[in-house]
Structure formats: C-alpha cells, structure tokens
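Fold and contact review
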Amino acid sequence: MTSRTRPGRTEHIDGVLVVGGGYAGLHAASAAADAGADVTVLDPNGRHDFVTRLAAVAGGAAPRSDGSRELGAFDHRVVIGSATHLADGEVILQDGTRLAADAIVFCAGAGVTLPPIDGIEHALPLRTSEHAEAIRERLDPDGAVTVIGGGATGVQLAGAVSASRAASTVRIVEMESRLLPTMRPESSDGAARILRDRGVDVMVGATVDRIGADHVVVDGEELPGVAVWAGGFAPRTEGLDVELNGAGQIVVDEFLRISGMSRTFAAGDVAEHHTTDGDPLPMSAQVAVQAGDAAGENAARVAGGSEPEPASLSHQGWVLDLSGQRGIAEIGGFSLSGPFADLIPPFLHEAIDLKSLFGAGGFSALTF
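Nothing here was measured: the structure is a model prediction, and the numbers come from that model.

Reading across the sheet, the 3 strands line up as E21-E22-E23 and stay open at both edges, with antiparallel pairing between neighbours. The open sheet has two edge strands with one neighbour each: strand E21 (318-321) and strand E23 (334-336). Neighbouring strand axes in the sheet, compared pairwise and without regard to direction, differ in orientation by 10° on average. Running over the sheet, helix H5 (residues 185-197) touches strand E22 (327-331) and E23 and is turned about 170° from E22.

Set out below in structure tokens:
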C-alpha cells in the first residue's frame, strides 16, 4: 500500500520506519519484516532504482524496465515523503509532518556531486532512473557523447553506449592517470582495452576546462557532443543534526546506531561503515545490502524490546558489467580483466543482482 502524508500532522508508525528505498533501505525493510516487525518505507518517489543497472539503461544496452520498480511491489507499506530532520525515533518531513516510530533505519543514500567546472549545469548526471532516461533520450544513434569520470559508473556507461550504439563517437575523460583508479592496475588496463577495442577514446590524465550545451572542452580542445557527468556522488546528509565524518557520512556505532541515539540506525551510502577490523568500507551496493540487512534486524530487535547485535560487514570485491558480454571483476584478490576472463563478470553481475533482489523480496521480486 502506498500513501502520502498529511502536512503538519504527527503520526506514530508501529514497528520499524525505513527512510529511503535504495539498496540499503530495501534490505533493511526486508530484514526487519523477516524478524517479525511491522515495516513502513518512507521514500520521496516510492520507487527503488537499480543503481547497478542504470548505466546500461542510460546507454541503451538494457531495457528501460531495468531502471526501477515501485516499492509497493516488495509488499511493504510505502509513504511518499522526504525527511529533512532526524531525531531519535522520529523524522520530520519537508511538508512539516512528524513521523515517530518504535525504531528507524535511515537510508537516504547518496546524490550527485557537481564540481565548480564552468558550465557543469550542461552535463547530464547519472544517479537515478530519471537521469538514465534523460541520457537515453539525448543520445543520438550516430552522435557523440563525452563521459566525464572514469570510475565504475563512467566506465560502465561508456561500455554500454559503445556496445549498443556502434555508430556513436564515445569518449571517456578521467583526471587520474588510469581508469578505475581505486581498483587494481590490471582491472584499469582491462577496462581500457575493452573500451578501446570498441573505438572509445580513453582520455586519462585529462582535465575538463568547461562544458557547453553541445560540447566539452578538454585540455583546450573542444569536443562536440552530449556531456554526461559520472564524476562522483556524496551522502544525502545536508541539514541533518547528527555527527558526520569528514566525507559527510553519518557516524554509527558497532550496531549501526547513529551516534548519540538508541532507536535510530543508519545504513548504506549515507553512513560510515567499517569492517570488524575497523577498515573503512566503500560506498557500494554490496556494502549497502549488508548494512541494510544488519540495521533492519537490529531495528526489529529494538522495536521488540531486545538488544541489538554487532554488525559484521566486509568488502567482497567489485563486479562491473561493461555491456557487450564483457566486464571487469575483482574477487578474493584476483582480477578477471584479461581476454576471455572478461566474459565472466557479466554473468556474476547478473547473479549478484538476482541474489540481492531475492533477498529483498523473494521470488516475486525477480521479475523485471
């Protein structure tokens, strides 16, 4: 069931209130429900975006239906609204509505960060299904596109466009000396090889000077075509009266409770997560899924009057689908990035997505 709030009212939510319907939120809701709690999901759009599939949707390598799904399909009560203030066991929405709950899991996710580049407003961002649709509509079959940012999102988008629009001119611009600078050098080399084999112009160690409505200037050279910004994202914590780390993420304890709170947890990109050894974890879908599961279970425990348990989180590697039946993966210290080995990651990517969906909604969630 999906409903909207009544402005200015105070409403008590029985059980667990999950704020945000991304990967962390969806898994927090499922884990809390499996633990016997009543669950309500608060989300601005009432929709779950499949972030790991958005590059393929934007580039035309996957159907539009891969971009998102209504949260109601996961059998949770859904309330449409945006949280602007967070307290222990309580959120205040943009319309003034106050929602109180027995326990809360805050999973507002991350949004696009835009650097001070002249004309950055002309670049199309990629973080939501709406962004993916906008990019897909702007790309001409034989036009040009410049992807700014050579991280995971940018590499997958360049791969999707080059695989599905062979007549297009595709460029990818990265200011570091290699693509995928946070991954192993062999993964960077593999991604560059796959893209170059498709005719993508890989520009590393390059600087974007300015962006226009129909061009990008890189190191003084004007390059025609659509510009897409894939250069980074940041946690949605602006305006919240909670303790944040240097990256703007919410500080949580070993139980994923927000610092100074007893009934309110945070999970996913919005929160600072560590391994049990204290090593920082990246902002990624796989970490969000683990954290969402742990926070949802603990929220259900607190809502039922029990004590929470320490979360055990880990980074299990990276799997990137570059479309065209090629990809890059790093698992267990090994890199699947060379010829023939790069055939495996797309299957792993699909399997991981299906596993995540099944964990969030069972067999009924597996139908796209």
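Having seen it, we continue.
It is worth spelling out the packing of aromatic side chains at this point. Overall, the coordinates contain 0 aromatic pairs when judged by the stated rule. Its end group placed over the ring of Phe-233, Arg-127 keeps NZ or CZ at 4.0 Å from the ring centre.

Turning our attention to the sheet that holds strand E18 (residues 226-229). If you walk across this open sheet you meet the 5 strands as E11-E18-E12-E13-E14, and the pairing is parallel. The open sheet has two edge strands, strand E11 (124-125) and strand E14 (201-204), and neither has a second partner. Judged from the 4 bridges that link them, strand E13 (residues 169-174) and E14 form a sheet pairing that is parallel. The partner of Val-173 across the bridge, within E14, is Met-203.

A word on unusual backbone geometry. Unusually for a residue other than glycine, Gln-325 sits at a positive phi of about 65°. Mapped onto the elements, Gln-325 comes out in the loop between E21 and E22. In this structure, Phe-340 takes a positive phi of about 75° despite not being glycine. Its location among the elements puts Phe-340 in the loop between E23 and helix H7 (345-361). Among the residues examined, Phe-340 registers a relative accessible area of 71% and is labelled exposed.

In terms of nonpolar packing, the biggest core is built from 56 residues, with Leu-17, Val-18, Val-91, Val-105, Ile-250 and Leu-256 touching the most fellow members. Elements with a contribution of two residues or more to this core: strand E2 (10-19), helix H1 (23-34), strand E3 (39-43), strand E6 (77-80), strand E8 (90-93), strand E9 (98-106), strand E20 (264-266) and helix H6 (285-303). The element best represented in this core is H6, accounting for 9 residues. Filtering out sequence-adjacent residues up to four positions away, Ile-250 remains in contact with Phe-106, Thr-237, Leu-240, Val-242, Glu-243, Leu-244, Ile-258, Ala-266, Val-270, Ala-271 and Glu-272. One finds Ala-58, Ala-132, Val-155 and Val-170 within the second-largest nonpolar core, a separate group that totals 34 residues.

The next point concerns the pattern of salt bridges. Overall, the coordinates contain 15 salt bridges when judged by the stated rule. One salt bridge connects Arg-193 with Asp-342, and the closest N-O pair in it is separated by 2.8 Å. With Arg-193 in helix H5 and Asp-342 in the loop between E23 and H7, this residue pair connects regions lying 149 residues apart in the sequence. The exposure class of Arg-193 is partly exposed, given its relative accessible area of 25%. Its salt-bridge partner being Arg-257, residue Asp-253 comes within 3.0 Å of it at the nearest N-O pair. Exposure remark for Asp-253: the relative accessible area of 28% places this residue in the partly exposed category. Note on Arg-257: relative accessible area 18%, which makes it buried. Within this structure, Arg-53, Asp-66, Glu-350 and Asp-353 form a network of salt bridges that share partners.

Mapped onto the elements of the fold, Arg-263 is located in the loop between strand E19 (233-235) and E20. In this structure Arg-263 comes out as partly exposed when scored by relative accessible area, which is 32%. If we skip the residues at most four places from it in the chain, Arg-263 touches Asp-88, Gly-89, Ala-101, Asp-102, Ala-103, Ile-104 and Val-302.

Covered by surrounding structure in strand E16 (residues 215-218) are His-215 and Val-217 together with Val-216 and Val-218, the residues of both alternating faces. Sheet topology note: the strand E15 (residues 208-211)/E16 ladder contains 3 bridges and is antiparallel. Following the sheet pairing, Ile-211 is matched in E16 by Val-216. Hairpin connection, E15 to E16: the antiparallel pair is bridged by 3 residues.

Quick notes on the rules
- Residues numbered from 1 in each chain as written.
- Predicted model: local features only at pLDDT ≥ 70, side-chain atom pairs only at ≥ 80, totals over all residues.
- Heavy atoms only, no water.
- Pairing = 2+ DSSP bridges.
- Helix = DSSP H or I, 4+ residues; strand = E, 2+ residues; numbered from the N terminus.
- Axes fitted to C-alpha atoms, helices over the stretch in contact; angles between N-to-C directions.
- Contact = heavy atoms within 4.5 Å.
- Phe/Tyr/Trp six-rings, centres within 6.5 Å; stacked < 30°, edge-to-face > 60°.
- Lys NZ or Arg CZ within 6 Å of the ring centre and 35° of its normal.
- Buried < 20%, exposed > 50% of the residue type's maximum accessible area, 1.4 Å probe, protein only.
- Core = buried A, V, L, I, M, F, W, Y, C linked by side-chain atoms within 4.5 Å.
- Salt bridge = Lys/Arg side-chain N within 4 Å of Asp/Glu carboxyl O.

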